[in-house]
Amino acid sequence: MSSSIFSYVVLFFFLFTIPYIQSQPIAPAPTTETSPINLTAILETGHQFNTFIRLLNTTQVGFQVSVQLNSSDQGMTIFAPTDNAFNNLKPGTLNSLTYQQQIQLMLYHIIPKYYSLSDLLLASNPIRTQATGYEGGVFGLNFTGQAQSNQVNVSTGVVETRINNALRQQFPLAVYVVDSVLLPEELFGTKTTPTGAPAPKSTTSSSDADSPAVDEEHKSAGSSMKKTSLRIVLGFALFCCSVIYIS
């Protein structure tokens, strides 16, 4: 009798618990995928990089950054000038650049490797940028500062400015704020003026140049007139002598 009761209990357990277990959803396995890094979204959080964002888009450099960021294991370091930095440029500076030069200017603000602030001070100057090698140019950046105070200055040879803060400082991307547009010497360096100057043109007029010939003609004409006058006088004198002799 007891064995029969036990059998009914076991049967009851399986009939009611197995369907319940099968009806429970299986939790998906955790994934390690991360969303692509969006540089534009990072800059927009700063609310003062509209000009930089526009130039990144018009030159297609922003697209290049997105592709390289999500395919390279070196990371990237970007220096983002504020809108005030662009406003402080001389009027017409950007418009004076060709489309290719605008691309070079944007690439000059990008280092194809991730650097923390302390890494920048330890690296050997000049540090190559994405623009390095264009038309044989160096397009390098020089960094100085004090590691203790975490103060870093960046110099192009044309301008020097301090790195104020970081919009992002996490591998594979570091984005640092700068208050000046980084102007490379290859595009904005002092242009040398030609040393040789053309010889000054002579101010002598054509009439002055011809004056010696005119003088010679005058002299020649005067001499002829004198000879003619002398002949007339001599002829008149001979005529008078002849008349006297005949008389």
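To keep things clear, this report deals only with the structure shown in the data block. Only a predicted model underlies this, so the values are computations on that prediction, with no experimental measurement involved.

## Focus: the packing of aromatic side chains
Enumeration according to the criterion identifies four aromatic pairs in this entry. Judged by centre distance (6.0 Å) and plane angle (70°), the rings of Y108 and F139 are edge-to-face. Taken together, the residues span a long stretch of sequence, with Y108 in the loop between α6 (99–107) and β2 (110–111) and F139 in the loop between β3 (127–128) and β4 (140–146) at a distance of 31 residues. With respect to burial, Y108 and F139 carry one shared label: buried. An aromatic cluster of three or more residues is present, and its members are F79, F143 and Y176.

## Side note on the pairing of strand β6 (residues 160–170)
Here strand β5 (residues 151–155) pairs with β6 via three bridges, running antiparallel. Within β6, the position partnered with V154 by the bridge is T161. With antiparallel pairing between neighbouring strands as the criterion, β5 and β6 make up a hairpin whose turn holds four residues, including G157 at a positive phi of roughly 95°. Bridge analysis of β6 against strand β7 (residues 173–178) gives five bridges, and the strand direction is antiparallel.

## Examining the packing of helix α3 (residues 50–58) against α6
A pair of packed helices is characterised by two quantities: the angle between their axes and the separation of those axes. Running from amino to carboxyl end, α3 crosses α6 at an angle of 120°, the nearest separation of the two axes being 10 Å. For the element pair α3 / α6, the angle class is oblique. Considering how the two elements wind past one another, α3 and α6 form a crossing that is left-handed. Facing α3, whose interface residues are F52, L55, L56 and T58, α6 presents Y99, Q102 and M106. Looking at the contact of α3 with α6, its residues break down into five nonpolar, two polar and no charged.

## Let's talk about the nonpolar core
Judged by nonpolar contacts, the single largest core of 50 residues is most densely connected at L43, F52, F79, L120, F143, I163 and L173. For this core, the element with the highest residue contribution is β7, accounting for six residues. Residues in contact with L43, not counting those within four places in the same chain, are F49, F52, I53, L56, A80, L167 and V175.

## Notes on the side chain of T82
Tracing the backbone shows T82 in the loop between β1 (76–81) and α5 (83–87). Excluding its chain neighbours within four sequence positions, the residues that come into contact with T82 are Q48, F49, V177, V178 and D179.

## Concerning the pairing of β1
Burial analysis of β1 places six of its six residues in the buried class, the great majority of the element. Going residue by residue along β1, you find M76, I78 and A80 tucked away on one face and T77, F79 and P81 tucked away on the opposite face as well. Where β1 lies against β7, six bridges are found, and the strand directions are parallel. Following the sheet pairing, T77 is matched in β7 by A174.

## Remarks on the sheet that holds β5
Taken together, seven strands build an open sheet; the order of strands is β2-β1-β7-β6-β5-β4-β3 and the sheet is mixed. Strands with a single pairing partner mark the edges of an open sheet, and in this sheet they are β2 and β3. As paired elements, β1 and β2 share two bridges and run antiparallel to each other. Bridging across to β2, I78 finds its partner in I110.

## Here's the deal with helix α4 (residues 61–69)
Residues of α4 that are buried include every one of V61, G62, V65 and L69, and no others. Take α4 and look down its axis: the buried residues cluster within an arc of 100°, on one side only. Those residues of α4 hidden inside the fold are in contact with α2 (39–44), α3, β1, α6, β2 and β7.

Parameters and conventions
- Residues numbered from 1 in each chain as written.
- Predicted model: local features only at pLDDT ≥ 70, side-chain atom pairs only at ≥ 80, totals over all residues.
- Heavy atoms only, no water.
- Phe/Tyr/Trp six-rings, centres within 6.5 Å; stacked < 30°, edge-to-face > 60°.
- Helix = DSSP H or I, 4+ residues; strand = E, 2+ residues; numbered from the N terminus.
- Buried < 20%, exposed > 50% of the residue type's maximum accessible area, 1.4 Å probe, protein only.
- Pairing = 2+ DSSP bridges.
- Axes fitted to C-alpha atoms, helices over the stretch in contact; angles between N-to-C directions.
- Parallel < 35°, antiparallel > 145°, perpendicular 65-115°, else oblique.
- Left-handed = near helix turned anticlockwise from the far one by under 90°.
- Contact = heavy atoms within 4.5 Å.
- Nonpolar A, V, L, I, M, F, W, Y, C, P; charged D, E, K, R; others polar.
- Core = buried A, V, L, I, M, F, W, Y, C linked by side-chain atoms within 4.5 Å.
- Arc of directions from axis to C-beta.

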